[in-house]
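Geometric and topological summary
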Amino acid sequence: MEHERGLSRRSVIIAGAWSVPIIAVAAATPLAAASTGGGTLYVTGNAYGGAGGGIFLSGSNYNGFGATQTYVPGEVVLTFTLPEGVDFSVNAPGGWVVAVSGNVVTISNGVALPPSETGDLGSFSITGPFEVGSTYTVTSAPPQLNVIYEGNVGGGVFAGA
């Protein structure tokens, strides 16, 4: 019986099968190490129902301590999904950019939020005759940003005044 020198086709296939997971793990590691984010957005405000009711943010600010990236304008997003059928208005004189689609109000940072810096994003309001006890949802993005709600604005219920 004659033996071939070098690698057999079977040895190459077996070696290739074992190396694929190692290559995949090695390729994924730099991506995980390069993940960015951090920082804390403090959303300060209240949500009241009844006449003169709405969602009122004041003193909301960003703290870039621990952040590894600058959030470019429009990257930090809060989305409020309001009860349907309520005629509301939006006022954003601060550092927010607003978009409205039906009963969904999206606000995003109008200025860059660099790491290791803090910044006041100013006030923002959605006013309308929301019923006391009616609910809304508020979500935030990107997921790596820590969002802390201060006041009852994060609770999702329009409280009595």
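In what follows, the structure referred to is the one given above.
Here goes a summary of the coordinates provided. As the structure is a prediction and not an experimental result, all values here were calculated from the model. (Residues numbered from 1 in each chain as written. Predicted model: local features only at pLDDT ≥ 70, side-chain atom pairs only at ≥ 80, totals over all residues. Heavy atoms only, no water.)

1. Side note on the overall build of the chain
Secondary structure summary: the chain contains one helix and nine strands in total. The helix and strand sequence of the chain, counted from the amino end, reads α-β-β-β-β-β-β-β-β-β. Counting over 161 residues, the chain shows a buried share of 32%. By sequence separation, contacts in the chain at least 24 residues apart represent 72% of the contacts at least 6 residues apart. On the chain, roughly 9300 Å² of surface is accessible, and the fraction owed to carbon and sulfur atoms is 59%. (Helix = DSSP H or I, 4+ residues; strand = E, 2+ residues; numbered from the N terminus. Buried < 20%, exposed > 50% of the residue type's maximum accessible area, 1.4 Å probe, protein only. Contact = heavy atoms within 4.5 Å. Areas by Shrake-Rupley, 256 points an atom, 1.4 Å probe, with all protein chains shown as cover.)

2. Some thoughts on the environment of Ser-89
As for its placement among the helices and strands, Ser-89 is situated in strand β4 (residues 89-91). Spatially, the C-alpha atom of Ser-89 lies 9.7 Å from that of Val-100, the residues being eleven residues apart in sequence. Setting aside its immediate chain neighbours within four residues, Ser-89 contacts Ser-125, Ile-126 and Thr-127.

3. Here's the deal with the environment of Phe-130
Looking at the element boundaries, Phe-130 is found in the loop between β7 (118-127) and β8 (137-141). The buried category is assigned to Phe-130, whose relative accessible area is 0%. Not counting chain neighbours up to four residues away, the residues in contact with Phe-130 comprise Gly-49, Gly-50, Gly-54, Leu-82, Pro-83, Val-86, Phe-88 and Phe-158.

4. What to know about the side chain of Ser-60
One can find Ser-60 in strand β2 (residues 54-63). With a relative accessible area of 0%, Ser-60 lands in the buried category. In this structure Ser-60 touches Tyr-42, Val-43, Thr-44, Trp-96, Gly-119, Asp-120, Leu-121 and Gly-122, once residues within four positions along its chain are discounted.

5. Notes on the sheet that holds strand β9 (residues 146-150)
Pairing is mixed in the open sheet, where five strands are placed in the order β4-β7-β2-β1-β9. Whereas interior strands pair on both sides, the edge strands pair on one side only; in this sheet they are β4 and β9. Going from strand to strand, the sheet's axes swing by 20° on average, the running direction of each strand aside. Judged from the five bridges that link them, strand β1 (residues 40-48) and β9 form a sheet pairing that is parallel. Within the sheet, the bridge partner assigned to Thr-40 lies in β9 and is Asn-146. (Pairing = 2+ DSSP bridges. Axes fitted to C-alpha atoms, helices over the stretch in contact; angles between N-to-C directions.)

6. Some remarks on the sheet that holds strand β6 (residues 104-109)
Paired through their backbone hydrogen bonds, the strands of a sheet run either parallel or antiparallel. Strand order in the open sheet formed by four strands is β5-β6-β3-β8, with antiparallel pairing between adjacent strands. Of all strands in the sheet, those bounded by a partner on one side alone are β5 (96-101) and β8. Strand-to-strand, the axes of this sheet are offset by a mean angle of 15°, without reference to chain direction. Pairing of strand β3 (residues 77-81) with β8, which is carried by five bridges, proceeds in the antiparallel orientation. Each bridged residue has a counterpart across the sheet, and for Phe-80 the counterpart in β8 is Val-138.

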